[in-house]
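# Notes for the structure review
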Amino acid sequence: MAFASGSLVALSGCSVERALWGADGARVIDTTEQLIAATSSGEQDSLVCEDSAADLGDAQVWDGLGAGEPEQFDPASSVDRPGLDASWRVNLEETGAGGNSGQKVPTDVFYRETGTGTGTDLCVADVIWQTVSVR
C-alpha cells in the first residue's frame, strides 16, 4: 500500500502510550500524570496506598515532571526496593528547565494494584528520590 507524501496516518481510538506500552503501561503513565498534577497542587493523598510511607516531598518539586517508561516491577530481583509490595515502576522525566544542583527530586514511582475500582486501580507504594548533580 502506498501513501501520498505528507499524508498523516492515525490510529483511531488508540493513544500513543497505549500503542507503545500496551493498555497496562498506558494506565501507569496516566496514573503518573494524575499523581504529578495532584502532588503539584497538594491533592495527592487519594493516590497513595493506605499503608505506604512514600515521601512525596514538596509540591513545587513535582512541577515540570512527566511520566517516563513504565515497567512491571519484580520485588524479588529489585536492587532499589527489594521486597516492596508493588507491581509497576515508572521513571520520572524532567520536562521543564531542570533541577538545581544539590536539589532532591523524585526519579521513580512504584505502584501497587488495588482492585478497588475507584477510578484508578493503582496506588503509590513508594518513591525514589535522588540529588541533582549538574557539572
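Scroll up to find the structure.
Note that this is a predicted model, so its numbers are computed, not measured.

Reading guide: rules and limits
- Within any chain, residue numbers begin from 1 and follow the written order of that chain's sequence.
- In keeping with the predicted nature of the model, local features appear solely for residues at pLDDT of at least 70, side-chain atom pairs appear and are counted solely at 80 or more, and the whole-chain, interface and lining totals rest on all residues.
- Heavy atoms throughout the structure, all of them, feed into the side-chain values; hydrogens and water do not.
- Counting from the N terminus, the helices are the DSSP runs of H or I reaching at least four residues and the strands are the DSSP runs of E reaching at least two.
- With a 1.4 Å probe rolled over the protein chains alone, any residue whose accessible area is under 20% of its type maximum counts as buried; one over 50% counts as exposed, and the rest are partly exposed.
- Throughout, a residue-residue contact means that at least one pair of heavy atoms, one from each residue, lies within 4.5 Å.
- All accessible areas in this document rest on Shrake-Rupley with a 1.4 Å probe, and a residue is counted as covered only by the protein chains that are shown.
- Here, a strand pair is defined by DSSP locating no fewer than two bridges between the strands.
- Each axis is a line fitted through C-alpha atoms, and for a helix only the stretch in contact is used; angles between axes span 0 to 180 degrees, taken between their N-to-C directions.
- By nonpolar core we mean a set of buried residues, namely Ala, Val, Leu, Ile, Met, Phe, Trp, Tyr and Cys, connected to one another through side-chain atoms within 4.5 Å.
- When the sulfur atoms of two cysteines come within 2.5 Å, that pair is taken as a disulfide.

### Examining the overall build of the protein chain
Secondary structure summary: the protein chain contains two helices and four strands in total. Helices and strands appear in the protein chain in the N-to-C order α-α-β-β-β-β. The proportion of buried residues among the 135 residues of the protein chain is 38%. The long-range share in the protein chain, meaning contacts at least 24 apart out of those at least 6 apart in sequence, stands at 57%. Only carbon and sulfur atoms are counted for the fraction: they give 47% of the accessible area of the protein chain, which is about 8,200 Å².

### What about the sheet that holds strand 3 (residues 104–113)?
Ordered in space as 1-2-3-4, the four strands form an open sheet in which the pairing is antiparallel. Looking at the sheet topology across the chains shown, the edges are occupied by strand 1 (65–72) and strand 4 (122–131). Adjacent strand axes in the sheet meet at a mean angle of 25°, parallel and antiparallel pairs treated alike. Note that strand 1 and strand 2 (residues 88–94) share six bridges and pair antiparallel. Its bridge partner lying in strand 2, alanine 67 is registered against leucine 92.

### What to know about the side chain of threonine 32
Topologically, threonine 32 is positioned in helix 1 (residues 16–40). Relative accessible area serves as the criterion here: at 0%, threonine 32 is assigned to the buried category.

### Looking at the nonpolar core
Formed by 22 residues in total, the largest nonpolar core has its most connected members in Leu35, Trp62, Val109, Tyr111, Val124 and Val127. Breaking this core down by element, the ones donating at least two residues are helix 1, helix 2 (59–62), strand 2, strand 3 and strand 4. In this structure, tryptophan 62 is in contact with Leu35, Ile36, Thr39, Ser40, Leu56, Leu92, Pro106, Val109, Val127 and Trp129, ignoring residues within four places of it in sequence. Ranked by size, the runner-up nonpolar core spans eight residues in total, among them Cys49, Phe73, Leu84 and Ala86.

### Considerations on the state of the cysteines
Enumeration according to the criterion identifies one disulfide in this entry. The residue that forms a disulfide with cysteine 49 is cysteine 123, at a sulfur-sulfur distance of 1.9 Å. Its S-S torsion of about 90° marks the bond between cysteine 49 and cysteine 123 as right-handed, since a negative value means left-handed. Here cysteine 123 lies in strand 4 and cysteine 49 lies in the loop between helix 1 and helix 2, a separation of 74 residues in the sequence. For the pair shown, cysteine 49 and cysteine 123 are each scored as buried.

### A few points about the pairing of strand 3
Most of strand 3 is tucked away, with eight of its ten residues classed as buried. Two elements, strand 2 and strand 3, share four bridges in a ladder whose sense is antiparallel. Residue tryptophan 88 lies in a different strand from strand 3, and its bridge partner there is tyrosine 111. With nine bridges connecting them, strand 3 and strand 4 associate as antiparallel partners. Each residue of the ladder has a partner; that of lysine 104, found in strand 4, is threonine 131.

By themselves, these observations are geometric and do not establish any function.
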